[in-house]
Structures are given as structure tokens and as C-alpha cells.
Amino acid sequence: MRKSCLDSVYEFAKNDPRIVFVGSDLAAGVLDKFKQEMPDRFFMEGVSEGHIIGMASGLARCGKIVYVNTIAAFLTRRCYEQNVIDLGLENANVRLIANGGGMVYGPLGPTHLAIEDIAIMRVIPNMMVLAPADAVEMNYIMRASVQHIGPIYLRVAKGGDRVVSSHGGEFVLGKASGLLQSSAGSDVTFLATGVMAAYCLDAAEMLHGQGIGCQVVHFHSVKPLDSQSVVNALAQSRVVISVEEHFINGGFGSAVAEIVAESAWRFPVLFKRLGLADAFVERYGSQEDLLRHYRLDGKGIAERTYRLFKQGAK
């Protein structure tokens with residue numbers, strides 16, 4: 001996913017002199033072709049994220065479209081004031097490419113986990129918040145990002161993620177996509193964002209084997225959120241579950257809950273948010289290990305959903 005993202009920046013820059021890349025203390029060799037061919041639009045800055053955001057905002061004020069790339073936890077928490085004032089307030093054409101969204105950097109511990117990033121970025125006015133499911137969807141998003149007016153926060157996963165998105169050649173920035181409809185109907189609808197779409201598909205297959213029909217709707221955009229797709233899910237299913245690799249508070253599930261609360265829904269639909277509890281992650285391990293521990297892998301999601309479905313069926 002990250003490779004697709006950065007490759008797109010390079011390809012765009014070859015044909016559009018407005019494209020600028022700013023990296024923060026990235027590994028040697030990142031976008032070497034960009035650096036060699038367009039050195040006046042390639043910058044590799046040190047570990048000073050607040051400065052980098054201010055620099056990117058200034059470049060945007062000069063008519064550039066700026067792609068900034070570094071670790072998600074630092075790109076959000078460490079320079080939050082600059083994100084608010086220099087990007088949000090200025091409505092700057094800056095795209096924040098945030099490496100390691102969720103628990104990708106689990107081996108490095110809680111300081112490197114970006115599991116509150118969606119919550120803090122989605123409250124910034126003018127800030128679009130995106131979380132693609134895979135490299136294919138990333139390509140669609142990157143093409144659309146060139147024309148978008150205003151700042152974008154782009155949550156990037158580990159890389160090598162299973163391709164599950166299906167837009168049929170049509171992609172609308174901010175429009176949710178249906179990924180799977182089981183033959184047994186849609187007793188349960190999973191609303192997923194980012195790589196959790198793949199795990200929800202796994203859970204849907206497991207539940208299908210137990211006679212529970214599921215559909216998975218993927219939201220690559222948390223802000224703006226496709227409210228009509230949320231309302232449609234409420235109309236189609238007995239149980240609606242949001243799933244995210246993020247704290248349960250303030251993130252994608254909370255954005256969905258806001259729509260549910262304001263939709264004046266009157267049918268007996270059970271809505272539940274699945275995510276990380278309101279507590280610091282103290283474990284170290286791979287992303288896969290942590291997802292299993294917190295029951296956000298396919299098996300964990302399926303088991304929790306099965307109990308919720310039986311509860312909602314009473």
C-alpha cells in the first residue's frame with residue numbers, strides 16, 4: 001500500500017510541476033528517482049514534524065500540492081497544533097501520508113501506535129480523513145487526491161495487505177463500497193474502514209458457515225462519512241457492527257454512531273462498535289498478534305458477532 005502511494009506521487013510529479021514531496025527522516029532510498037529527477041521538489045527533513053507541516057503549508061500557499069510522509073503517530077500527535085492552524089485553518093493542499101496506521105508498529109510499543117489518529121484528525125475543520133483497504137484502492141485515492149481542495153490525512157497500513165476492494169472501475173472519493181453479500185442474506189452488516197475490511201470479510205465467511213448472512217461495507221473515507229450507506233445498513237440488517245483498528249472512542253465507530261443517533265431510526269436494529277478499549281496498549285508484538293489478542297482478527301470478530309446476533313435475535 002505504501003509503495004503504491006509513493007509510486008503515485010512520483011508519477012504525478014513527472015507530469016505536474018505543482019507536486020512536491022516532503023519526507024521526515026525516512027529510510028535511505030525512498031523515492032530516489034524523484035530525488036534524482038526533480039531535486040527542486042524533493043525534500044527530506046529531520047525529526048521536526050511541526051516544522052515540516054509549517055513548511056508544507058507555506059509551499060501550498062505558493063500553489064504547490066504537497067505530499068508529506070512520515071510515521072502516523074508523529075504526524076498526528078507531535079504536530080497537532082500545526083495540523084490545526086497551518087493545514088485546517090488555511091485549508092492547505094497538503095496530503096499527509098501517515099505510515100503505520102493502527103498497530104503496524106506494535107513491535108515498538110505504545111509510543112508508536114497510531115490508534116487515536118482518526119479521532120484527533122477528524123475533528124479538524126477542512127481535514128479529509130481516509131483509510132484505504134489495500135493497494136488497489138490506494139491508487140484510486142491517490143489519483144483523486146490531486147484534484148481535491150484542502151488537506152487530507154491518509155492512513156497507510158503495513159504493506160502487502162490482501163486486496164479486497166472492488167470498485168468495478170468506478171470510484172468516488174467519500175463514497176462507501178459494498179464488498180461482499182452472502183447468499184444467506186444480510187442478517188449482519190459490518191461497517192469497516194481500512195484493513196479491517198479484510199478481517200470483516202473473513203468473519204463474514206465464518207458466520208456464513210453458521211447460517212448467518214453477512215454483508216461488508218467498506219468506508220475508505222471516515223471524513224466525510226457516507227451517511228446514506230450507514231442508513232442503508234440500518235434498513236437492511238438486524239445487527240450493524242462497525243469495526244476499526246482504533247480506540248473505541250472518537251474514531252470511525254463514533255462517527256457512525258453519530259449518524260445512527262441522528263437518523264431517528266425506529267426499527268429494532270442492534271448497533272455495536274468493535275475496536276480497542278479505552279486503555280493504553282501495553283503489549284508488544286506484531287500487528288497480527290495484537291489483532292488476535294484484542295479479538296479484531298477474523299475469528300475474534302466472528303465470535304463476538306455471533307453472540308451479538310443471538311442477543312439481537314431474541
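Up top is the structure these notes are about.
The model shown is predicted, which means the values in this text are computed figures rather than measured ones. Residue positions are counted from 1 within each chain, in the order its sequence is given. The predicted nature of this model means local features are confined to residues of pLDDT at least 70 and side-chain atom pairs, given and counted, to a pLDDT of 80 or more, with totals for whole chains, interfaces and linings taken over all residues. Calculation of side-chain values draws on the structure's entire complement of heavy atoms; hydrogens and water are dropped beforehand.

1. Notes on the nonpolar core
Counting 40 residues, the largest nonpolar core has Val68, Val94, Leu96 and Leu191 as its most contacted members. Those elements that provide at least two residues to this core are strand E1 (19-24), helix H3 (49-61), strand E3 (65-71), helix H4 (72-78), strand E4 (94-99), helix H6 (117-122), helix H9 (227-236) and helix H10 (252-262). At six residues, H3 tops the list of elements feeding residues into this core. By the convention used here, residues are in contact when the closest approach between their heavy atoms is within 4.5 Å. Each residue touching leucine 96, except ones within four places of it in the same chain, is listed here: Ile53, Val68, Leu75, Asn83, Leu87, Met121, Met127, Ile152, Tyr153 and Leu154. The nonpolar core is taken to be a set of buried Ala, Val, Leu, Ile, Met, Phe, Trp, Tyr and Cys residues, with the residues joined through side-chain atoms within 4.5 Å. Three exposure classes are used, based on accessible area relative to the maximum for each residue type with a 1.4 Å probe and protein chains only: buried under 20%, partly exposed in between, and exposed over 50%. If you look at the next biggest cluster of nonpolar residues, it comprises 35 residues, including Met103, Leu179, Leu274 and Ile301. Strands here mean DSSP runs of E at least two residues long; helices mean DSSP runs of H or I at least four residues long; both are numbered from the N terminus.

2. Description of the side chain of serine 165
As for its position among the elements, serine 165 is in the loop between strand E6 (152-155) and strand E7 (177-181). The exposure class of serine 165 is buried, given its relative accessible area of 13%. In this structure serine 165 touches Asp134, Val136, Glu137 and Leu179, once residues within four positions along its chain are discounted.

3. Thoughts on unusual backbone geometry
At the junction of lysine 223 and proline 224, the peptide bond is cis and its omega measures out at 0° in the coordinates. Following the sequence through the fold, proline 224 ends up in the loop between strand E10 (221-223) and H9. For asparagine 91, which is not a glycine, the phi torsion comes out positive at approximately 50°. On the secondary structure map, asparagine 91 appears in the loop between helix H5 (80-89) and E4. A residue is classified by how much of its surface remains accessible, and asparagine 91, at 30% relative accessible area, is partly exposed.

4. A word on the pattern of salt bridges
Salt bridges are defined as contacts in which a side-chain nitrogen from Lys or Arg sits within 4 Å of a carboxyl oxygen from Asp or Glu. Per the stated rule, a full pass over the model turns up 13 salt bridges. Across the pair glutamate 116 and arginine 77 runs a salt bridge whose closest N-O atoms are separated by 3.0 Å. Highlighted residues: glutamate 116 in the loop between E4 and H6 and arginine 77 in helix H4, separated in sequence by 39 residues. Residue classification places glutamate 116 among the buried residues on the basis of a relative accessible area of 17%.

5. Quick look at the sheet that holds strand E5 (residues 128-130)
When DSSP finds two or more bridges between two strands, those strands count as paired. Across the sheet, seven strands lie side by side as E2-E1-E3-E4-E6-E5-E10; this open sheet has mixed pairing. Bordering the open sheet on either side are strand E2 (42-45) and E10, each of which pairs with just one other strand. Within the sheet, the average angular offset between the axes of one strand and its neighbour, ignoring direction, is 20°. Pairing geometry for E3 and E4, over six bridges, is parallel. Note that in E4 the partner of threonine 70 across the bridge is alanine 98. Throughout, an axis means a line fitted to C-alpha atoms (over the contacting stretch in the case of helices), and angles, computed between N-to-C directions, take values from 0 to 180 degrees.

6. Section: the packing of H3 against H5
Contact geometry for H3 and H5: axes closest at 9 Å, N-to-C directions at 5°. Compared by their axis directions, H3 and H5 come out roughly parallel. Note on element contacts: H5 touches H3 through Gln82, Asn83, Asp86 and Leu87, opposite Gly50, Ile53, Gly54 and Ser57. In the scheme used here, Gly and all other residues not listed as nonpolar or charged are polar, with Ala, Val, Leu, Ile, Met, Phe, Trp, Tyr, Cys and Pro taken as nonpolar and Asp, Glu, Lys and Arg as charged. Tallied by class, residues from the contact of H3 with H5 come to two nonpolar, five polar and one charged. Working definition: roughly parallel below 35 degrees, roughly antiparallel above 145 degrees, roughly perpendicular at 65 to 115 degrees, and oblique for all remaining angles.

7. Here's the deal with the environment of proline 151
Along the chain, proline 151 falls in the loop between helix H7 (135-145) and E6. Residue proline 151 is classed as buried on the basis of its relative accessible area, which comes to 0%. Apart from the residues lying within four places of it in its own chain, the contact partners of proline 151 are Leu87, Gly88, Asn91, Ala92, Val94, Arg95, Asn126, Met127 and Met128.

8. Here we look at the packing of aromatic side chains
Centres within 6.5 Å make a pair out of two Phe, Tyr or Trp rings, where for Trp the six-membered ring is used; the pair is then stacked when the planes are under 30 degrees apart, edge-to-face when over 60, and tilted otherwise. For the structure shown, the criterion picks out five aromatic pairs. Both rings, one in phenylalanine 21 and one in phenylalanine 34, keep their centres 6.3 Å apart while their planes meet at 50°; by these two values the pair is tilted. Of the two residues, phenylalanine 21 sits in strand E1 while phenylalanine 34 sits in helix H2 (residues 32-37), which places them 13 residues apart along the sequence. Each member of the pair, phenylalanine 21 as well as phenylalanine 34, is classed as buried. On the numbers, 5.5 Å between centres and 50° between planes, the contact of phenylalanine 219 with phenylalanine 252 is tilted. Taken as a pair, phenylalanine 219 in the loop between strand E9 (214-218) and E10 and phenylalanine 252 in helix H10 lie far apart in primary sequence, 33 residues in all. Each member of the pair, phenylalanine 219 as well as phenylalanine 252, is classed as buried. By way of ring pairs, the aromatic residues Phe21, Phe34 and Phe42 are connected into one cluster. A ring has a charge above it when a Lys NZ or an Arg CZ is no more than 6 Å from the ring centre and no more than 35 degrees off the ring normal. Sitting over the ring of phenylalanine 74, arginine 78 keeps its end group 4.1 Å from the ring centre.

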